[in-house]
Amino acid sequence: MLVPIRCFTCGALIADKYHEFSKRVAKGEDPSKVLDELGVKRYCCRRMLLSTVEPIDTVIEYYGAMEKYRSQI
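Residues numbered from 1 in each chain as written. Predicted model: local features only at pLDDT ≥ 70, side-chain atom pairs only at ≥ 80, totals over all residues. Heavy atoms only, no water.

**Q** How should the state of the cysteines be read in this particular structure?
**A** Covalent bonding between the sulfur atoms of two cysteines defines a disulfide. Taken as a whole and judged by the stated rule, the model has 0 disulfides. A disulfide-free cysteine, Cys 45 has its sulfur positioned 3.4 Å from the sulfur of Cys 10, the nearest such atom. (Disulfide = S-S within 2.5 Å.)

What follows is the structure, given as structure tokens:
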């Protein structure tokens, strides 16, 4: 996973909050409330957590499609 350790703008530590944030949002909690409870107040830090994407999830979709294509050839 490629989570930034610090906010690019202000330099605040954010990587320690990502796991808890993603776990709670996956359960269906409101991201805004979760960030407030974790103490992430600055909008630049909130942006960092909200915009982080797991690249492996995207790559796996293409890998599956390629395997299916190769089996048809």
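**Q** Is there a simple way to explain the pattern of salt bridges in this structure?
**A** Two side chains bearing opposite charge may form a pair once their charged atoms approach each other closely. Counted under the stated rule, the structure contains 6 salt bridges. Two residues, Glu 29 and Arg 24, come together in a salt bridge whose shortest N-O distance is 3.0 Å. Residue Glu 29 is classed as partly exposed on the basis of its relative accessible area, which comes to 34%. The class of Arg 24 is buried, set by a relative accessible area of 14%. Here Arg 70 and Glu 67 are joined by a salt bridge, their closest N and O atoms 3.5 Å apart. A residue pair is termed a helical-turn pair when its members lie 3 or 4 positions apart in one helix, as Arg 70 and Glu 67 do in helix 4 (residues 55–72) at 3 residues. The exposure class of Glu 67 is partly exposed, given its relative accessible area of 35%. (Salt bridge = Lys/Arg side-chain N within 4 Å of Asp/Glu carboxyl O. Buried < 20%, exposed > 50% of the residue type's maximum accessible area, 1.4 Å probe, protein only. Helix = DSSP H or I, 4+ residues; strand = E, 2+ residues; numbered from the N terminus.)

**Q** Would you mind showing me how to read helix 3 (residues 43–50) here?
**A** Given 3.6 residues to a turn, an α-helix orients residues that are three or four positions apart in the same direction. Among all positions in helix 3, only Cys 44, Cys 45, Arg 46, Met 48 and Leu 49 are buried. The secondary structure elements touched by the buried residues of helix 3 are helix 1 (15–26) and helix 2 (31–38). (Contact = heavy atoms within 4.5 Å.)

**Q** Just to check I follow, could you spell out the side chain of Arg 24 for this structure?
**A** With respect to the helices and strands, the residue Arg 24 is situated in helix 1. Setting aside its immediate chain neighbours within four residues, Arg 24 contacts Glu 29, Val 34, Glu 37 and Leu 38.

**Q** Help me understand the nonpolar core in this model?
**A** As a rule of thumb, nonpolar side chains are buried together in soluble globular proteins. Counting residues in each nonpolar core, the largest one holds 12 residues, listed as Val 3, Cys 7, Ile 14, Tyr 18, Phe 21, Val 34, Leu 35, Val 40, Cys 44, Cys 45, Met 48 and Leu 49. Going through the elements one at a time, helix 1, helix 2 and helix 3 are the ones with two or more residues in this core. Per-element tally for this core: the top contributor is helix 3, with 4 residues. Here Leu 49 is in contact with Ile 14, Tyr 18, Phe 21, Leu 35 and Val 40, once residues within four sequence places are set aside. (Core = buried A, V, L, I, M, F, W, Y, C linked by side-chain atoms within 4.5 Å.)

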